[in-house]
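The chain contents come next:
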Amino acid sequence: MSVAFRRESDDEHKEPEFELPIPVGPNLVTPRGLRLLGEEVARLEAEIAGTADDDARKKLLRRLRYFHTRQSTADVQAAPAGASVGIGSRVTYRLNKAEKTITIVGGDEADPALGSIAFFAPLARALMGAEAGEDVEYQDRDDAITILAVEADPETQA
C-alpha cells in the first residue's frame, strides 16, 4: 500500500487551535465593564469545574484565558467630567434627521442592539470630546451629526 493512502489518525490533519484574538490598543472599560469581565471569568471557571468532556473543557479554557487577559489589562475609566463626550457618556444626537441615543463603553461590554457602542467604533470616535450643541464631522460631512445632549450614564458606573 502506498504511503499516500495511509493515515495514522484524524488528529494529524486538524487545523491548530489558536487563542482568541485580543483587540489591538488600550483596553478601556467602565466600572460596569470591569464587573462584567469578573462575572464572565467566574462563570467560565464554574463551567470548567463541571465539565468532564476534554474538547469542551479546552474550548472553555481558551475563553477563560481570553477573559483573564481582558480583566488583567482593563483600564477603568472614571465617569466623564463636565459636558464633553467620553467613555461612559450617554449621548443623544441627530444624524440624517433621526434622533438616537447611545452609550459609549469598552469593547467587551458593547452591544449595539441595546444602544451601547465601543469607544473605538467610528461613530464613537467622531463624538468623543464634543459637547451638546456642537456639530461634528462624520463620513466626510462637517455637519453630519448634531449633539443634542450629553450625560454620564449611571449604569456604566455600577
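Refer to the structure printed above.
Residues numbered from 1 in each chain as written. Predicted model: local features only at pLDDT ≥ 70, side-chain atom pairs only at ≥ 80, totals over all residues. Heavy atoms only, no water.

Peer 1: Outline unusual backbone geometry, listing residues and values.
Peer 2: Located in the positive-phi region is K97, a residue other than glycine, with phi close to 65°. Turning to its location among the elements, K97 is positioned in the loop between β3 (89–95) and β4 (98–105). (Helix = DSSP H or I, 4+ residues; strand = E, 2+ residues; numbered from the N terminus.)

Peer 1: A description of the pairing of strand β7 (residues 141–152) should follow, citing residues and the corresponding values.
Peer 2: Where β3 lies against β7, 7 bridges are found, and the strand directions are antiparallel. Paired with L95 across the strands is I145, a residue of β7. Examined bridge by bridge, strand β6 (residues 135–138) and β7 share 3 bridges and lie antiparallel to one another. Looking at the pairing, V136 lines up with I145 of β7. Between β6 and β7, which pair antiparallel one after the other, the connecting turn spans 2 residues, and Q139 there sits at a positive phi close to 55°. (Pairing = 2+ DSSP bridges.)

Peer 1: Describe in detail helix α1 (residues 31–49), supporting the description with residues and values.
Peer 2: Compared with the 27 Å implied by 1.5 Å per residue over 19 residues, the 28 Å span of α1 between its first and last C-alpha is a close match. Where α1 is buried, its residues touch β1 (28–29) and α2 (54–72). (Expected span 1.5 Å × (residues − 1). Contact = heavy atoms within 4.5 Å.)

Peer 1: Can you lay out α2 for me, pointing to particular residues and giving the numbers?
Peer 2: The end-to-end C-alpha distance of α2 is 26 Å, a good match for the 27 Å that 19 residues give at a rise of 1.5 Å each. Buried residues of α2: L60, L64, Y66, F67 and R70, and no others. Each buried residue of α2 sits inside an arc of 160° when the element is viewed along its axis, so together they form one side. For α2, exposure combined with an orientation more than 90 degrees from the buried face picks out D54, D55, K58 and S72. In this structure, the buried residues of α2 make contact with α1. (Buried < 20%, exposed > 50% of the residue type's maximum accessible area, 1.4 Å probe, protein only. Arc of directions from axis to C-beta.)

Peer 1: An account of the pairing of β4 is needed here, citing residue identities and associated values.
Peer 2: As paired strands, β3 and β4 are joined by 6 bridges and run antiparallel to one another. Looking across to β4, one finds that Y93 is bridged to K100. Where β3 folds back onto β4 in an antiparallel hairpin, the turn is made up of 2 residues, including N96, whose phi is positive at roughly 55°. Direction of pairing for β4 relative to strand β5 (residues 116–118): parallel, over a ladder of 3 bridges. The partner of I104 across the bridge, within β5, is I117.

Peer 1: I'd like a rundown of the packing of aromatic side chains, residues and numbers included.
Peer 2: The full count for this structure, using the stated rule, is 2 aromatic pairs. Both rings, one in Y66 and one in F67, keep their centres 5.0 Å apart while their planes meet at 90°; by these two values the pair is edge-to-face. Residue class for Y66 comes out buried when judged on its relative accessible area of 13%. A ring pair is formed by F119 and F120, whose centres lie 5.2 Å apart and whose planes are at 80°; its orientation type is edge-to-face. (Phe/Tyr/Trp six-rings, centres within 6.5 Å; stacked < 30°, edge-to-face > 60°.)

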